[in-house]
Every structure is written in C-alpha cells, then in structure tokens.
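Below, each chain spelled out in residue letters.
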Amino acid sequence: MASYIIEGGRRLEGEVTVSGSKNASLPIIAATILNPNITKLYNIPNIHDTQITLEILKYLGCKLKKNHGRIEVNSKNIDKREIPEHLMNQMRSTVVLAGAILGRFKEARFSYPGGCDIGARPIDLHLRAFKKLGINIIEDSGFITCKCDRIIGANIDLDFPSVGATENIILAAIYAEGITQITNAAMEPEIVDLAKCLNKMGAKIEGAGTNIITITGVEKLKSISYTVMEDRIEAGTLLCAGAITGGDITLKYKTPEHITPIIHKLEEAGCQIQIEKGKVHLKANRKLKAVDIKTLPYPGFPTDMQSVFASTLTTAKGTSMIIENIFENRYRYVAELKKMGAKIAIEGKTAVIKGVRRLSGAKVKSTDLRGGACLVLAGLAARGTTTVTNIEYILRGYENLDEKLRNLGAEILLDKEE
Ligand code: UD1
C-alpha cells in the first residue's frame, strides 16, 4: 500500500495545469466501442480508472495505441460481449461499458459494478431504462445478461437525474430504431462532453446539458478525433488546496463556468478569485470564514467536492454546516480528519464543522477517492507530518497530484513501500 508523506504548513504559490476529466473520459472511452472505425482521444488522464477501462476494451478485442494522454481505439474487431468480473469490480463506472456493448451488439453480460464505498449505489435506474428500450434482462448469481433483437427508442423518465444512467441510455440508444427521450436527465458537463464526442462521430443527440435529452437513432458512426474536457473536480480540489494553505495560486483552466458553485463558496469563505481568459486565480486569507454547503445534482454544488471542502473548512473561523444529498455514506473520511484535530459532528446527512485554530499531522487512511484527497489537503495545512495511507484510492482519480502540489511549493512525497 502506497502513502503520501506530507510536511504541513507550506503556503502554496504558483501556476498549475488541470488534467483531462476522469468522469468525462470514462463514458467517452466507452463510446469508442460503438464506433467500428478509429477514434482518437486527447487529454485522457493517466489514472487507474482510465487504465482499467482501457484494459476492458483490450479484453473485448479493441486495438489500442497509447501515447501519454493520446489514445487511439480501433473497435472494428471486438469479439467479446462480456466484461470480466475482476475488472468490473474495480469501479462503478464500468457499468457504462454495458450500454455501449449493448448499443453496438444488442447483447452484454456483466456483474454488478464495484467502486468507492460511498453508499448503496444500485443500478436499478440503468436496468429499468434498458428494459424500456426493449432489452431483456436476466439476473443470476450476481451476473446480468442483457439481450434483444432490436433496440427500440422509448421515452424514459428517470426517478433521479443519475449521471451514469443518463450516459448508459445515451450509449445504448445511439443505433436504436426511432427516437429515445430522457426526461429528468442529468445535466452534468460530462454528459455534454459525451454527447459532443458522439455527435462528432455522427450520432444525433440533442438537449445534453438540459434535463431533456433526445437521441435519434443513426445507422453508422465515423472516425473522429476528440479532446476531452478538463477535470472540474481536480480544478476545485487544487483551488481548495490553495485556500486551506492561505495560498496564492493560478489554475490553467478554460472552463470556470463548470465550477461556479465552488468559486462562489470559496469567495464566501473569504478567498479572492479572479477569472481571466484560460486562468483562474485564487488568493486566500490566512484564515477562512465558515460557510454552509448542500450537495446537489449539477448545476448545484458537486458531491465530489464535499469532503475536500469539509477539510478546507476545518480551520475556518466559525461553524460550517454541510448537507450531503447525493450519497448516503460519504462521511467516512470524518473519523480520519478527527485524528488530526478536526471538530466535526455527523447527524444523518449533515456534518457540523467547528473551525479549530490548526490541525496536527497524524497517520490517516484514505477511505475513498475524494475522501483521500481531503486528507491530503488537511496534511498540507497541518502542523507537522501527515502520512496518508491507502492512496491507491487517490491514484484512481487524480493525475500526478503529488507532483502538481510539489510544483506549487508543498512538501509531499509518494512512498510506494508503506
Ligand atoms: C457519477 C460520478 C461520481 C459523482 C456522481 C454524482 C462518474 C464516473 N462518477 O457517479 O463521481 O459523485 O456521478 O455526481 O461519472 N442511483 C440509484 N440507482 C441507479 C443509479 C444511481 O439509486 O440506478 C443513486 C446513487 O446511489 C446515488 C445517486 O443516485 O445516490 C447518484 O448517482 P449517479 O448520479 O448515478 O452517480 P454515478 O453515475 O455513479
């Protein structure tokens, strides 16, 4: 198990570039399965989750060429329809591969997906939507087999604007007969990126970014190249790292409109933020102010920033309240932050954070991807040494986090031996 060893107390300063988006890359890599031609993707982050997704593509029979963030996929000769259990188990987003395999071959077999343990995370909305598209589903001993002769466009009203279910429906419906309409669709920028990429291939998707998405089935797709959007959660995490250390940092980041609620909350906490073309500049006071946060589907405050912001508020002046509305088990990091001296009380989906003067370094354990990142931020601000263990979780979703923080002046080392 690898660790980060952090000497806290360094004020972050300088410029940092935001990587390609993890949550956009995963469904876009899945979309290449639908295209029997060549898809060239740029700006794919080199992280565990993209590596696993590409490993599954290779298993299915895709030919891959990789060169840093550039990936070329040739899906012409896919000869398998199932996702192996040991790969499926590694992360939840593997479930969108099912929609793509189904969309292309009208058949897919997979087990229930794994991923960070942040709640029940069922896939009932995905499966109900597949049924609406005329797909038969057989569940036996943890495996799900989906099959049909034809995929037929349908009206699908989601009970909740699930990001993964919206992506899965889009992918499954690309070659469907007729029109598919999703109401109460997720509106996240990653859905817009997926739709842009698929439309470039020749798909007909309208309304992505709103809560009604219409997909008109097409007969074929064509070769394309596509650059994946920037990672808005990494952007938010780096801004919070600047904020918690009283820093002065500049993000090279072209899409600040994707992080509006994060920018507003940082300003409310007393940070000065300036946006110029292609850059977001943050200057933080030594002491932040307490703020209240409620996580919501986009364009609300993102659940993926909840732990990172909570950590940032541990040393703010006053009492902050956080309400987590998306996942029911997303406070597992709190016990670890308490080891560093944070004062946080949890009651159901609410966390109450009483700001303390300073955190103290400790040995703490990542509980999930974003929960791990929040401990790194706490370590940057704490007095003394913090060792964050189990950082495999963090490596799933952040590209070169330690290197980026070091370039901003942090003392953080990756210890592979721990
Ligand atoms: C995606 C993101 C994740 C983010 C989340 C919410 C990826 C790879 N992951 O996850 O980082 O935290 O959106 O913004 O893009 N639900 C059901 N049944 C379903 C599907 C979802 O009950 O069939 C529930 C989930 O348990 C959860 C809520 O809906 O409570 C939101 O889940 P969803 O939007 O589907 O998140 P993911 O797509 O898994």
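Our subject in this report is the structure included herewith. (Residues numbered from 1 in each chain as written. Predicted model: local features only at pLDDT ≥ 70, side-chain atom pairs only at ≥ 80, totals over all residues. Heavy atoms only, no water.)

## Focus: the sheet that holds strand 7 (residues 136-140)
Item 1. The strand order 6-8-7 describes an open sheet built from three strands, whose pairing is antiparallel. Here the strands that pair on one side only, and so sit at the sheet edges, are strand 6 (107-111) and strand 7. On average, each strand axis in the sheet is inclined to that of its neighbour by 15°, with strand direction left out of account.
Item 2. Here strand 6 runs beside strand 8 (residues 143-147); their pairing, made up of five bridges, is antiparallel. Note on strand 8: the bridge partner recorded for Ser-111 is Phe-143.
Item 3. Here helix 4 (residues 95-105) sits on the sheet in contact with strand 6 and strand 8, set at roughly 160° to strand 6.
Item 4. Of the strands in this sheet, strand 6, strand 7 and strand 8 are in contact with helix 5 (residues 124-132), which crosses strand 7 at around 140°. (Pairing = 2+ DSSP bridges. Helix = DSSP H or I, 4+ residues; strand = E, 2+ residues; numbered from the N terminus. Axes fitted to C-alpha atoms, helices over the stretch in contact; angles between N-to-C directions. Contact = heavy atoms within 4.5 Å.)

## Details of the site of the ligand
Item 1. As a matter of local geometry, the ligand sits amid 18 residues, with Arg-92, Asp-124, Ser-162, Asp-304 and Ile-326 nearest to it.
Item 2. Taking Pro-122, its main chain carries an N or O atom lying 3.2 Å from an oxygen atom of the ligand.
Item 3. Ser-162 places a side-chain nitrogen or oxygen 2.6 Å from an oxygen atom of the ligand.
Item 4. In isolation the ligand offers 740 Å² of accessible surface; the protein chains occlude 86% of this area.
Item 5. Among the secondary structure elements, those contributing two or more residues to the shell around the ligand are helix 5 and helix 6 (163-173). (Near = heavy atom within 4 Å. Polar contact = N/O pair within 3.5 Å; in protein donor to acceptor, adjacent residues only side chain to side chain. Areas by Shrake-Rupley, 256 points an atom, 1.4 Å probe, with all protein chains shown as cover.)

## A short note on the pattern of salt bridges
Item 1. Applying the stated criterion to the full structure yields 18 salt bridges.
Item 2. We note a salt bridge from Asp-124 to Arg-128, for which the minimum N-O separation is 3.1 Å. Of the two residues, Asp-124 and Arg-128 are both situated in helix 5; the distance of four residues between them amounts to about one turn of the helix.
Item 3. Overall, Asp-124 belongs to the partly exposed group, its relative accessible area being 35%.
Item 4. A salt bridge links Asp-402 to Arg-406; the nearest nitrogen and oxygen atoms lie 3.4 Å apart. A residue pair is termed a helical-turn pair when its members lie 3 or 4 positions apart in one helix, as Asp-402 and Arg-406 do in helix 14 (residues 401-407) at four residues.
Item 5. Owing to a relative accessible area of 34%, Arg-406 belongs among the partly exposed residues under this scheme.
Item 6. Among the ionic contacts, a cluster of salt bridges with common partners joins Glu-15, Lys-252 and Lys-279. (Salt bridge = Lys/Arg side-chain N within 4 Å of Asp/Glu carboxyl O. Buried < 20%, exposed > 50% of the residue type's maximum accessible area, 1.4 Å probe, protein only.)

## Here we look at the state of the cysteines
Item 1. All chains considered together, the criterion is met by zero disulfides.
Item 2. Note on Cys-146: no disulfide assigned, nearest cysteine sulfur contributed by Cys-148 at a separation of 8.8 Å.
Item 3. Counting only cysteine sulfurs, Cys-271 is the nearest neighbor of Cys-240, a cysteine outside any disulfide, at a range of 8.1 Å. (Disulfide = S-S within 2.5 Å.)

## Some points on helix 1 (residues 22-31)
Two residues of an α-helix separated by three or four positions point the same way, owing to the 3.6 residues in each turn.
Item 1. With respect to burial, helix 1 is a largely interior element, nine of its ten residues being buried.
Item 2. Buried within helix 1 are the following residues: Lys-22, Ala-24, Ser-25, Leu-26, Pro-27, Ile-28, Ile-29, Ala-30 and Ala-31.
Item 3. Where helix 1 begins, the side chain of Ser-21 points an oxygen toward the backbone nitrogen of Asn-23, at a separation of 3.3 Å.

## A few points about the sheet that holds strand 23 (residues 411-415)
Item 1. Pairing within the open sheet is mixed, and its four strands lie in the order 21-22-1-23. The sheet is open, and its two borders are formed by strand 21 (363-365) and strand 23, each paired with just one other strand. Taken over all neighbouring pairs, the strand axes of this sheet differ in orientation by 20° on average, direction set aside.
Item 2. Bridge count for strand 21 against strand 22 (residues 385-389) is three bridges, and the pairing is parallel.

## Describing the packing of aromatic side chains
Item 1. On inspection of all chains with the given rule, the structure shows two aromatic pairs.
Item 2. Between Phe-301 and Phe-309, the ring centres sit 5.4 Å apart and the planes meet at 85°, which makes this aromatic pair edge-to-face.
Item 3. A ring pair is formed by Tyr-331 and Tyr-333, whose centres lie 6.3 Å apart and whose planes are at 55°; its orientation type is tilted. The same class applies to Tyr-331 as to Tyr-333, namely buried.
Item 4. Taking NZ or CZ as reference, Arg-70 lies 4.8 Å from the ring centre of Tyr-42, over its face. (Phe/Tyr/Trp six-rings, centres within 6.5 Å; stacked < 30°, edge-to-face > 60°. Lys NZ or Arg CZ within 6 Å of the ring centre and 35° of its normal.)

## Looking at the nonpolar core
Item 1. Formed by 76 residues in total, the largest nonpolar core has its most connected members in Phe-110, Ile-135, Ile-170, Leu-171, Ile-174, Leu-198 and Ile-205.
Item 2. For Ile-205, the residues in contact, after removing those within four places along its chain, are Ile-170, Ile-174, Ala-195, Leu-198, Asn-199, Ile-213, Thr-214 and Ile-215.
Item 3. Counting 70 residues, the second largest nonpolar core, distinct from the first, contains Val-18, Tyr-253, Val-308 and Leu-359. (Core = buried A, V, L, I, M, F, W, Y, C linked by side-chain atoms within 4.5 Å.)

## Describing the packing of helix 10 (residues 306-313) against helix 12 (residues 369-381)
Item 1. Contact geometry of helix 10 with helix 12 gives a least axis separation of 8 Å together with a crossing angle of 20°. It follows from the interaxial angle that helix 10 and helix 12 lie roughly parallel. Seen along the crossing, helix 10 lies across helix 12 with a hand that is right-handed. Note on element contacts: helix 12 touches helix 10 through Arg-370, Gly-371, Ala-373, Cys-374, Leu-377 and Ala-378, opposite Ser-307, Val-308, Ser-311 and Thr-312. (Parallel < 35°, antiparallel > 145°, perpendicular 65-115°, else oblique. Left-handed = near helix turned anticlockwise from the far one by under 90°.)

## Thoughts on helix 12
Item 1. The first and last C-alpha atoms of helix 12 sit 19 Å apart over 13 residues, in line with the 18 Å expected at 1.5 Å per residue.
Item 2. Counting buried residues along helix 12, 13 of its 13 residues qualify, which places the element largely inside the surrounding structure. (Expected span 1.5 Å × (residues − 1).)

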